[in-house]
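One letter stands for each residue in the lines below.
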Protein chains: 2
Amino acid sequence: MGYIKTPVKGMNDFLPEDMRLREYVTGQIKQTYAKYGFSLIETPAVEHIENLTSKQGGDNEKLIFKIMKRGEKLSKEDITDSSALADSGLRYDLTVPLSRYYASNMEKLTAPFKAFQLGNVWRADRPQKGRFRQFTQCDIDILGDSSILAEIELVSATSAMLTKLGFEKFKVRINDRRILKAIAEKCGFPAEDYDKVFIILDKMDKIGAEGVEKELISCGYPEDVCKKYMSYYTASWDNCNEFCSSFTDDLSASTNIEMIISCVKQLNKGDFDIVFDPTLVRGMSYYTGTIFEIELEGYGFSIAGGGRYDDMIGKFAGIKVPACGFSIGFERIITILKDKGFKVPTEDEKIVFLAENGLSKEQLEEMFSEATSLRNEGKTVMVTPRNKNVKFQKDKLIAEGYTIFKDFFKNTK
Amino acid sequence: MGYIKTPVKGMNDFLPEDMRLREYVTGQIKQTYAKYGFSLIETPAVEHIENLTSKQGGDNEKLIFKIMKRGEKLSKEDITDSSALADSGLRYDLTVPLSRYYASNMEKLTAPFKAFQLGNVWRADRPQKGRFRQFTQCDIDILGDSSILAEIELVSATSAMLTKLGFEKFKVRINDRRILKAIAEKCGFPAEDYDKVFIILDKMDKIGAEGVEKELISCGYPEDVCKKYMSYYTASWDNCNEFCSSFTDDLSASTNIEMIISCVKQLNKGDFDIVFDPTLVRGMSYYTGTIFEIELEGYGFSIAGGGRYDDMIGKFAGIKVPACGFSIGFERIITILKDKGFKVPTEDEKIVFLAENGLSKEQLEEMFSEATSLRNEGKTVMVTPRNKNVKFQKDKLIAEGYTIFKDFFKNTK
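Quick notes on the rules
Residues numbered from 1 in each chain as written. Chains lettered and ligands numbered in written order. Predicted model: local features only at pLDDT ≥ 70, side-chain atom pairs only at ≥ 80, totals over all residues. Heavy atoms only, no water. Helix = DSSP H or I, 4+ residues; strand = E, 2+ residues; numbered from the N terminus. Buried < 20%, exposed > 50% of the residue type's maximum accessible area, 1.4 Å probe, protein only. Contact = heavy atoms within 4.5 Å. Areas by Shrake-Rupley, 256 points an atom, 1.4 Å probe, with all protein chains shown as cover. Least-squares fit on C-alpha atoms with pLDDT ≥ 70 in both. Pairing = 2+ DSSP bridges. Axes fitted to C-alpha atoms, helices over the stretch in contact; angles between N-to-C directions.

J.: Whenever I open this one, the overall build of chain A confuses me. Can you help?
T.: Each helix and strand counted, chain A has 14 helices and 14 strands in total. Counting only residues that meet the buried cut, chain A has 57% of its 413 residues in that class. In chain A, 68% of the contacts between residues at least 6 apart in sequence involve partners at least 24 apart. As displayed, chain A offers around 17,900 Å² of accessible surface, 48% of which is attributable to carbon and sulfur atoms.

Following this line, the structure appears as structure tokens:
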């Protein structure tokens, strides 16, 4: 059988320069989240097929890389049905494994539990620019805290991390699924259609209020219902409470949002913006309360998103566990930093020892002894044979950040 | 379908305290190998099934987690043959992916290329104590260097890393497959039986020279051949060259070993030992030259192993590429450190803010403002709701390294 040189379709080999950037970003994220008291945890890449297909993953459940049963479990009878061939699969997100993890380890964890995950996920998506079949996700979640302390901590930590990576002028948009639902209810949309209505509303920044109204009407909803619906979204308001007062007496969700915004604003000293956005929807239907998203000026996509999902962990744990999470688009951040020509800072002096071929024992000892001394002083020393084309060799090493070259025993033989 | 709380068989959920140790060890390894000029690279977890079953993986090829074809590739006809169902699998080591990576990216890499990999591999092994189905491997490899600079760098870097992790009194054993073969040839064993003979010789530390001789004879080899064979291994010698002179005039392999030993000895200042061991075998038949292994006093297994494999990379790359690598047993090191009661050093002050339920906007602002100031000073601050059972809560947090607790607005309402 022949060998295949390229990586599996849609997956990446990372070159040393790619890794330097990824390691730098990873390091900054870990440092920041640790300061906020989040604990790094890890779950296996492989998850039970039952958990992956438990309807928590939305459309991602269609994209599972399934792993075949092994040995006697793979009996002849199974082979008649392809779905019976897999007993596990690669995780497509970090949220389903987190739910399982929490249910399994709850008693060993602090309560509330502030989890930080950084790991690969796999989706058999159609490969396209900037979308990969193996990619890194980075999530923070607070489990067991129903108060807005969770939201404030998640937004603060994520914003601090983005600031640390040099991002400016980003905007945190915040909304609450309960507000979205209250307006839809007030206008008389059927409850089972809410998600469908919200998906159309979500397009408002692209097609405008008129476009949303038109599309809702074209879906068969009565014109007066649609007009009334849009009137709330086109009205002018100064703050979330004012916006909500026009359709409800229950201001608990909007008071939460006001408090989150005022706390975060007071902390950020103008580095970034946080605003209430009543048209923010977020795709996943498992959200139950606050939702948030971060967008960067000049980019047409969000670089982070999350929200409160109070009903999901309980399905695994068997008891109700409030939960709120924020996920950053790790690969998007890498892509943006690359586009911006970001250079990873290097502190250490990087030295190359170019060794002639066939050095004597004494020469080798002398060279390695010097290398060891420099390394003990904290310097990076690459000991490598001197190539025939030494100019080409040096160019490559300079591109890797090496600045000092020392020949060992050239022309001494 | 029900949810399953436990991780997939043989794989681990890592708790925050597990992760702290793993992250610390990972950090020390990365720092050390960087100083030696090794570049971190990464390949996908998923590899082509053709590459995984190319006879480079030895027995590991029987332990592949196979990934099913998706969509139209999984047609009805395929289902008659279970082996046609998989087009990829999870990597079982980092060496096969490295070969593919090098063949694919050769022109973009420095030559020689000093690769460092740290990643998970998967083997559908029978789960048992200390053996997992997902585990971390950590390899350094030098590709494109046929000189002993490679061996010296690999042994020095690995030893420096172990010393940095606090290991003492470890022993590097070194041998050369060419020496093993020369003796077997001299004694008249058939060439196709060498590996079988070496596997028996490998037991010498357990069953003694007499035991090895007995087992060889019981395999049907002539008694005089076996006796002659063992006479070389029981003879006394002062150094590798002296040992080899008794059966060969070609001292190139033994001169290499002498030079490696003398260079490494001169660097290590007695922190550890490096010795020639003519009975060292190493399992994988792809080794072509030097082989080495590190063992720790008091443990019956090696914690690192490697050697030169000059023929393997070429099978992927299409041109001959000399290669030498050293792999450390990451999970074994973790287990030993745990057994030794190793404590991860913490530098930062870790503070907990215990927040009363229902704080006002002003109180929240005050608390978060103080948290931000402390975090900006480099301190870790966990803001969390004060639980009813605050003693239990504090105990858990103390176990996580938090030392300072501050109540926010207790009894002020």
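There's more to say after this.
J.: What's the story with the relation of the copies chain A and chain B in this structure? I'm lost.
T.: In this arrangement, two copies of a chain are superimposed by a rotation about an axis accompanied by a shift along the axis. When chain A is fitted to chain B, the residual RMSD is 0.0 Å, and the transformation amounts to a turn of 180° plus an axial shift of 0.0 Å. When the rotation and shift are considered jointly, the pair of chain copies conforms to a two-fold rotation axis. Residue I67 of chain A of chain A places its C-alpha closer to the rotation axis than any other residue of that unit, at 2.2 Å. A shared interface surface links the copies, since 100% of the contact residues of chain A are contact residues in chain B too.

J.: Help me out: how do you make sense of unusual backbone geometry in this one?
T.: Glycine aside, residues mostly have negative phi, and peptide bonds are mostly found in the trans state. Residues and elements named next belong to chain A. Here the amide bond leading from A111 into P112 is cis, since omega sits at -10°, within 30 degrees of zero. Counting through the fold element by element, P112 comes out in the loop between α3 (95-105) and β5 (113-122). One non-glycine residue, K169, lies in positive phi territory at about 50°. Within the secondary structure layout, K169 lies in the loop between α4 (149-164) and β7 (170-176).

J.: Looking at this model, I keep getting lost on the sheet that holds strand β12 (residues 350-355) of chain A. Mind explaining?
T.: In sheet architecture, strand pairing relies on hydrogen bonds along the backbone and comes in two forms, parallel and antiparallel. Taken in spatial order, the three strands make up an open sheet running β13-β12-β14 (chain A), and their pairing is parallel. Only two strands of the sheet have a single neighbouring strand rather than two, namely β13 (380-385) and β14 (404-408) of chain A. Taken pair by pair, the neighbouring strands of this sheet meet at an average axis angle of 20°, ignoring direction. For β12 of chain A and β13 of chain A, the ladder comprises six bridges, and the chain directions are parallel. Bridging from a neighbouring strand, V352 of chain A pairs with M382 of chain A of β13 of chain A. Seen against the sheet, helix α4 (residues 149-164) of chain B touches β12 and β13 of chain A and runs at an angle of roughly 155° to β13 of chain A.

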